Amino acid sequence: MPVNDELAKAFAELDLNDDGQITEQEFVSAMSARGEHITEPEIKSIFADADADQDGRISLPEFTVAWNRAG
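Visitor: Can you walk me through the side chain of Glu62 in this structure?
Guide: Position of Glu62 among the secondary structure elements: in helix H4 (residues 60-70). Buried and unpaired, Glu62 has Arg57 as its nearest opposite-charge partner, separated by 7.5 Å. Other than its neighbours up to four places away in sequence, Glu62 contacts Ala50, Asp51, Ala52, Asp53 and Arg57.

What follows is the structure, given as structure tokens:
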């Protein structure tokens, strides 16, 4: 599935250490920097939905699929 510029930018804003993966901690930090509070159950739900290989991180392909599903 192709990644457009909007998705790549959104992913990059969450991938704080630029390693190609979003961890729960990065997600929380990025959301907090935006002034958004997210609860532990919300984080767990997001990662359960988006982390297809269940490695505890969201890759760009996983992010793209989740983004398009939420659409």
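Visitor: Explain the confidence of the model for the protein here, please?
Guide: Residues shown with low pLDDT carry predicted positions that ought not to be read at fine detail. Mean pLDDT over the protein stands at 92; residues scoring 70 or higher make up 94%. Of all helices and strands in the protein, the one with the weakest mean pLDDT is H4 (91), whereas strand E1 (residues 21-23) scores best (98).

Visitor: Please explain the pattern of salt bridges as it appears in this structure.
Guide: When charged atoms on two side chains of opposite charge get close, those side chains can pair. Across all of its chains, the model carries 5 salt bridges by this definition. Its salt-bridge partner being Arg34, residue Glu13 comes within 2.6 Å of it at the nearest N-O pair. Here Arg34 lies in the loop between helix H2 (24-33) and helix H3 (40-50) and Glu13 lies in helix H1 (residues 5-14), a separation of 21 residues in the sequence. One continuous salt-bridge network, built from bridges that share partners, spans Glu24, Glu40 and Lys44.

Visitor: In this structure, what is going on with unusual backbone geometry? I would like to understand it.
Guide: Here the phi dihedral of Asp18 falls at roughly 55°; this positive angle occurs in a residue that is not glycine. Within the secondary structure layout, Asp18 lies in the loop between H1 and E1. Accessibility expressed as a relative area gives 68% for Asp18, which makes it exposed. Positive phi, normally seen in glycine, also occurs at Gln54, with a value near 55°.

Visitor: Help me understand the nonpolar core, please; the structure alone is not making it clear to me.
Guide: Buried together is how nonpolar side chains tend to be arranged in soluble globular proteins. Leu14, Ile22, Phe27, Phe47, Ile58 and Phe63 are the most contacted members of the largest nonpolar core, which has 15 residues in total. Those elements that provide at least two residues to this core are H1, H2, H3 and H4. Here this core takes 4 residues from H1, the largest share from any one element.

Each value, and the rule that gives it
- Counting of residues starts from 1 at the beginning of each chain's written sequence and follows it residue by residue.
- In keeping with the predicted nature of the model, local features appear solely for residues at pLDDT of at least 70, side-chain atom pairs appear and are counted solely at 80 or more, and the whole-chain, interface and lining totals rest on all residues.
- Hydrogen atoms and water are omitted, and side-chain values are computed over all heavy atoms in the structure.
- By the criteria applied, helices consist of DSSP H or I runs no shorter than four residues and strands consist of E runs no shorter than two, each listed in order from the N terminus.
- Between buried and exposed lies partly exposed: a residue is buried under 20% and exposed over 50% of the maximum accessible area for its type, with that area taken using a 1.4 Å probe on protein chains only.
- Charge assignment in this entry is limited to Lys and Arg as positive and Asp and Glu as negative, and neither His nor the chain termini are counted.
- Definition used for salt bridges: Asp or Glu carboxyl oxygen within 4 Å of a side-chain nitrogen of Lys or Arg.
- Contacts: residue pairs with any heavy atoms within 4.5 Å of one another.
- A score from 0 to 100, pLDDT tells how confident the predictor is in each residue.
- As used in this record, nonpolar core signifies buried Ala, Val, Leu, Ile, Met, Phe, Trp, Tyr and Cys residues forming a set joined through side-chain atoms within 4.5 Å.

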